[in-house]
Each structure stands twice: as structure tokens, then as C-alpha cells.
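Secondary and tertiary structure notes
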Amino acid sequence: MNKNCLICGVGGQGVVLASRLIAFAAMDTGLFARTAETIGMAQRGGSVASHVRIGAHVYSPLIPKGEADLILALEPGEAVRALPYLKPDGLIVVSSKAMRPVSAAVAGGYTGQKMLDYLKRRIADLIIVDTEAICRQAGSQQTANIALLGAAAASKRLGLSLEQIEQALRDHTRQQFFATNHKALRLG
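Since we're looking at a predicted model, the values are computed, not measured.

1. What about the overall build of the protein?
- Check the secondary structure of the protein and you find eight helices and six strands.
- Going from the N terminus to the C terminus, the protein shows its helices and strands as β-α-β-β-β-α-β-α-α-β-α-α-α-α.
- Over its C-alpha atoms the protein spans a radius of gyration of 15 Å, differing by no more than 12% from the 16 Å that the globule rule assigns to 188 residues.
- Taken along the three principal axes of its C-alpha coordinates, the protein extends 50 × 40 × 30 Å.
- Here the protein holds 188 residues, and 47% of them are scored as buried.
- In the protein, the share of contacts with a sequence separation of at least 24, taken over all contacts with a separation of at least 6, comes to 61%.
- Once the 21 positive and 14 negative side-chain charges of the protein are each reduced to a mean point, those two points are 4 Å apart.

What follows is the structure, given as C-alpha cells:
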């Protein structure tokens, strides 16, 4: 099994944690995984992308353009930005919640709806997740990344089961946050 998953969002959304959980889940089940992150502007709310490649014949951690099986996008605009990486038959799992960039505060109102509409017109396999509602139910606004992991696992396109992601969550995150994260994973 070879899988390429690109996780994208903005700084502070948990992109790197989501990618590490996927890699840990793969490795914990005996699969080979490589990851790479671009986090230069993460502290300022800038774009963050993390590549996860799973499989025996993966030699580079970076996903070539047009070869991502799955894009997990914590922000609609970042999903559009990542489109060149998606395979023609690839899946996008995207949060419906937009993170307003600093430039939008100066230039006008960005809600993310235009980006979601664009994705709906262009992408055949698209799952839009109401992460705001899930985060409220889970009890933390910091669990959108975990909710998207749950949706990706449930889609069966991630190549890892919900139980495998759950085990990685249990083994590789702080125990004090497990109950909230677990709830978000299951709700996703």
C-alpha cells in the first residue's frame, strides 16, 4: 500500500500533529512512513503544509505534484492552494471553517465560502466537515485537526482505520487531552 497525504492549514491549527499521528499510526502497524513540513510562517498565521508518504517504495518525503491521494485541509483557502498536489481521483477532506488571514482584515471580508464553492465545482470527491460544530461538541476549539483525521479514516481513503488513528492518538499525545481528542475523532 502506497499513500500520499498532504495536510494543510495555517499556523496554530495542528497540521504537524495531524501528520505525525498519521505517520505514527502507519509505523505502529508496520508500514514505512516519511514526513516533511513547511512551517516557515506558522507562528504568524501563515500557510503550513505537511507531506506524509506511506509505503515500501517511498524515497522522498515530499509528494510530487499530482500524486496526493488525499488532502486534509484545515482551512478552505489552503485546500485550494494545495490543489496542484491532488491526483485526478484524489479526495479532499476540508474544514468548513475559514481562518481569516491578516491581509483579509485589512482588505475586506474573507469567509472561505467562495473557496468551498470553488472546491464543490472542481472536486468530485470532496468531504466538507463542520469542524466548528464538532469542536463545540468535543469541548475544545483545538480539535479540528483530529476531527478531520476521523473523517479521513472513515472515508477509507487514508489507508488507516479509525482504530489505528485512535491508537496513535492514545500513544503519542498527552493523556490529559485524550478524551477530548477521542471524541473529536469519533465525531469526525
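Once you've had a look at it, read on.
2. Notes on the nonpolar core
- Counting residues in hydrophobic clusters, the biggest one holds 40 residues, and the most contacted among them are Ile7, Ile22, Leu149, Leu158 and Ile165.
- Once you skip the residues sitting within four places of it in the chain, Ile22 turns out to touch Cys5, Ile7, Val52, Ile54, Leu149, Leu158, Leu160 and Ile165.
- Among the nonpolar cores identified, the runner-up in size contains 16 residues, and Ala49, Ala68, Leu119 and Ile123 belong to it.

3. Notes on the pattern of salt bridges
- One pass over the full model with this rule turns up six salt bridges.
- Of the charged contacts, one joins Glu78 and Arg81 as a salt bridge, the two residues approaching to 2.9 Å between their closest N and O atoms. Placement of the pair is Glu78 and Arg81 together in helix α2 (residues 76-82), with a separation of three residues, close to one helical turn.
- Relative accessible area serves as the criterion here: at 56%, Arg81 is assigned to the exposed category.
- With a shortest N-O distance of 2.5 Å, Arg186 and Glu166 are connected by a salt bridge. Residue Arg186 is located in helix α8 (residues 178-187), and its partner Glu166 is located in helix α7 (residues 162-172); the two are separated by 20 residues in the primary sequence.
- Judged by its relative accessible area of 41%, Arg186 falls in the partly exposed class.
- One salt-bridge network, held together by shared partners, links Glu163, Glu166, Arg170 and Arg186.

4. Here we look at the sheet that holds strand β2 (residues 33-38)
- The six strands lie next to each other as β2-β3-β1-β4-β5-β6, forming an open sheet whose pairing is mixed. Looking along the sheet, the strands with just one partner apiece sit at the ends: β2 and β6 (125-129). Taking the axes of each pair of neighbouring strands and ignoring which way they run, one obtains an average angle of 15° across the sheet.
- Sheet analysis places strand β4 (residues 68-73) next to strand β5 (residues 86-95), joined by five bridges and oriented parallel. Its bridge partner lying in β5, Ile71 is registered against Ile92.
- Relative to β5, helix α6 (residues 144-155) is tilted by about 140°, and along the sheet it contacts β4, β5 and β6.

5. Here we look at the packing of α7 against α8
- For the pair α7 and α8, interaxial distance at closest approach is 10 Å and the crossing angle is 160°. For the element pair α7 / α8, the angle class is roughly antiparallel. The hand of the α7/α8 crossing is right-handed. Only Phe178, Asn181, His182, Leu185 and Arg186 of α8 make contact with α7, whose side of the interface consists of Leu162, Glu163, Ile165, Glu166, Leu169 and Arg170.
- Residue classes in the contact of α7 with α8 are distributed as five nonpolar, two polar and four charged.

What counts and how
Residues numbered from 1 in each chain as written. Predicted model: local features only at pLDDT ≥ 70, side-chain atom pairs only at ≥ 80, totals over all residues. Heavy atoms only, no water. Helix = DSSP H or I, 4+ residues; strand = E, 2+ residues; numbered from the N terminus. Rg over C-alpha atoms; globule rule 2.2 N^0.38 Å. Buried < 20%, exposed > 50% of the residue type's maximum accessible area, 1.4 Å probe, protein only. Contact = heavy atoms within 4.5 Å. Lys, Arg positive; Asp, Glu negative; His and termini not counted. Charge placed at Lys NZ, Arg CZ, Asp CG, Glu CD. Core = buried A, V, L, I, M, F, W, Y, C linked by side-chain atoms within 4.5 Å. Salt bridge = Lys/Arg side-chain N within 4 Å of Asp/Glu carboxyl O. Pairing = 2+ DSSP bridges. Axes fitted to C-alpha atoms, helices over the stretch in contact; angles between N-to-C directions. Parallel < 35°, antiparallel > 145°, perpendicular 65-115°, else oblique. Left-handed = near helix turned anticlockwise from the far one by under 90°. Nonpolar A, V, L, I, M, F, W, Y, C, P; charged D, E, K, R; others polar.

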